[in-house]
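Observations on the three-dimensional arrangement
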Amino acid sequence: MKNLFIDCSLGVSGDMLLAAFIDLGVPLDVIDRPLKILGLEGSYSLIVEESQSFALRGIKVLVEENCCDAKYRTWLDIRALIENSSLTRTLKENALKIFRLLAEAEAYVHGVNIDQVHFHELGCIDSLVDIIGVCSSLEYLSPEIVFWDYPPAGSGFVETAHGLLPVPVPAVVQMAQKYEVKLISDKKTSGELTTPTGIALMIGLANTFGKPDYFEINSIGVGLGHRELNRPNFLRAYLLKTLESRPSDCLQWEEIGLQESWVDDASPEDISFLIDRLRSLGAIEVITQSIQMKKGRLGVSIKVLAKPNDLTKLRLAWFEFGTSLGVREKIEGRWVLSRRSGTCLTAYGKVLVKQVQRPDGKLTLKAEHDELSRISISKGISLDDVRKEIILSSDTFASDEDGS
């Protein structure tokens, strides 16, 4: 399995990402060919040069417009241009997704309908070159999973067609808020470090955010930015080494949060209360383990697994309902089997179950223990008999997603 990791911790823009892909080995023809299909041949010149930022090498890309046809400045015109072309289906979908993200953000911040959006900040040619070029490069590299690091927010002000705006600009803020992309504060570097096109490419092309837990690097592409900053200005694209085996299609990768604290100043009843509160606020699981701390004190290690979106409220619960003065927290990843919730019609009535797809393609059913207990008590039969009946009735499964 070939994966891609985009390290945009110093900044991200369309031209920086395109430059990194070129440095990674993407042929220029991969970028020029789809633009030719769109009828843009001769409308631009793509200048690629090796340069340095604070004595660190990389590739810098400059798009020079040989002409600028204003008909390519609106969302409707760009959509029609791409939809009516003979680009590959994947390239069409990805490019339209990026432009739609930008159009929706612009529509929101200006309070207009999306069909009225006019891309003032996107050049009529260079934006097409950046976005089509990046999407075509990604299709060429064909990674299984695309990891993106979190981008910097930037600071200060930037001159735009709408006047002087604070950084991050409104379109970036809107996309970050809507799609829950974390922006990392960088108070030491002034200027626009994450552009609207850059964050739109992140949202549209990422499979997951954050660094991989571990990886082996096959090759690196470095794309340089054009702005002179008080530190290096580049983006890195890592093509990761192929894994020996490819996970089955039934496996899905997802981010998961881990919170942990060691407690030695709470009674068992207090700890039980805290655990109940954490579970009620959305923790996937809470586990405890006895530990021996300094000076021979006996303590308890409390660990919480949670969805990333629930971490904030759980973080507050630690301090509101527990005695901890600090909580460790990190984002990890896990592989999970594809599953869906539904009901199974058994001799004992409808039972809430989950249907799970195994790596060999086999579908199995699993009932929650509360359901097994409910039927066992109400019918006066063993848990094992309930499980056997569910297995015999597996062909009656009806998914909640089907509206059954």
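Residues numbered from 1 in each chain as written. Predicted model: local features only at pLDDT ≥ 70, side-chain atom pairs only at ≥ 80, totals over all residues. Heavy atoms only, no water.

**A word on the sheet that holds strand 13 (residues 328–337)**
Just so we agree on the cut-off: Whether two strands pair comes down to DSSP finding at least two bridges between them. Each helix corresponds to a stretch of at least 4 residues labelled H or I by DSSP, and each strand to a stretch of at least 2 residues labelled E; elements are numbered beginning at the N terminus. Lines fitted to C-alpha atoms define the axes, with helix axes restricted to the stretch in contact, and inter-axis angles between N-to-C directions lie between 0 and 180 degrees. Residue contacts follow a heavy-atom distance rule, with two residues in contact if any of their heavy atoms lie within 4.5 Å.
The antiparallel open sheet is built from 4 strands, whose spatial order is 11-12-10-13. The open sheet is flanked by strand 11 (285–292) and strand 13, the only strands paired with a single partner. Geometrically, the sheet is characterised by an average inter-axis angle of 25° between neighbouring strands, direction not taken into account. Sitting on the sheet, helix 8 (residues 268–280) is in contact with strand 11 and strand 12 (298–306), with an inclination near 150° to strand 11.

**Thoughts on the pattern of salt bridges**
How we decide: Salt bridge, as applied in this entry: a Lys or Arg side-chain nitrogen positioned within 4 Å of an Asp or Glu carboxyl oxygen. Working definition: with a 1.4 Å probe on protein chains only, accessible area under 20% of the residue-type maximum means buried, over 50% means exposed, and in between means partly exposed.
Here the structure, examined in full by the defined rule, presents 19 salt bridges. Between arginine 57 and aspartate 23 there is a salt bridge; the shortest N-O distance is 3.0 Å. Here arginine 57 is found in strand 3 (residues 56–65), whereas its partner aspartate 23 is found in helix 1 (residues 14–23), with 34 residues between them in sequence. Residue arginine 57 is classed as partly exposed on the basis of its relative accessible area, which comes to 35%. Among the salt bridges present, the one from arginine 315 reaches glutamate 329, with a minimum N-O distance of 2.8 Å. Taken as a pair, arginine 315 in helix 9 (residues 311–321) and glutamate 329 in strand 13 lie far apart in primary sequence, 14 residues in all.

**As for the side chain of glutamine 174**
Tracing the sequence through the fold places glutamine 174 in helix 6 (residues 170–178). Among the residues examined, glutamine 174 registers a relative accessible area of 13% and is labelled buried. Those residues within four positions of glutamine 174 in sequence are excluded, and the remaining contacts are Ala105, Tyr108 and Val109.

**Side note on the sheet that holds strand 16 (residues 363–367)**
Spatial strand order, 16-15-14-17: 4 strands in an open sheet with antiparallel pairing. The sheet is open, and its two borders are formed by strand 16 and strand 17 (398–399), each paired with just one other strand. Looking at chain direction, strand 14 (residues 339–346) and strand 17 are connected through 2 bridges and run antiparallel. Pairing of glycine 342 across the sheet is with serine 399, part of strand 17. Sitting on the sheet, helix 10 (residues 369–379) is in contact with strand 15 (349–357) and strand 16, with an inclination near 150° to strand 15. Those strands touched by helix 11 (residues 383–392) are strand 14, strand 15 and strand 16, and its axis lies near 100° from that of strand 14.

**Details of helix 2 (residues 28–37)**
How we decide: For this quantity, the arc is that covered by the directions from the helix axis to the C-beta atoms.
Along helix 2, the positions that sit buried rather than exposed are Val30, Ile31, Pro34 and Leu35. End-on view of helix 2: buried residues confined to an arc of 125°, all on one side of the axis. Buried residues in helix 2 make contact with helix 1, strand 2 (44–53), helix 4 (89–110) and helix 5 (126–141). Of the residues trailing helix 2, glycine 39 is marked for its positive phi of about 80°.

**Some thoughts on the confidence of the model for the chain**
We count it as follows: Residue-level confidence of the predictor, termed pLDDT, takes values from 0 up to 100.
Per-residue confidence for the chain averages 89 on the pLDDT scale, and 94% of its residues sit at or above 70. Mean pLDDT in the chain bottoms out at strand 5 (residues 157–160), which sits at 82, and peaks at helix 1, which reaches 98.

**Notes on helix 10**
Residues spaced three or four apart along an α-helix face the same direction, because each turn holds 3.6 residues. Along helix 10, the residues that are buried comprise Glu371, Leu372, Ile375 and Ser376. Seen end-on, helix 10 carries its buried residues on one side only, within an arc spanning 130°. What points out from helix 10, more than 90 degrees from its buried face, is the exposed set Asp370, Ile377 and Ser378. Those residues of helix 10 hidden inside the fold are in contact with strand 15, strand 16 and helix 11. Backbone geometry just downstream of helix 10 places glycine 380 in the positive-phi region, at approximately 70°.

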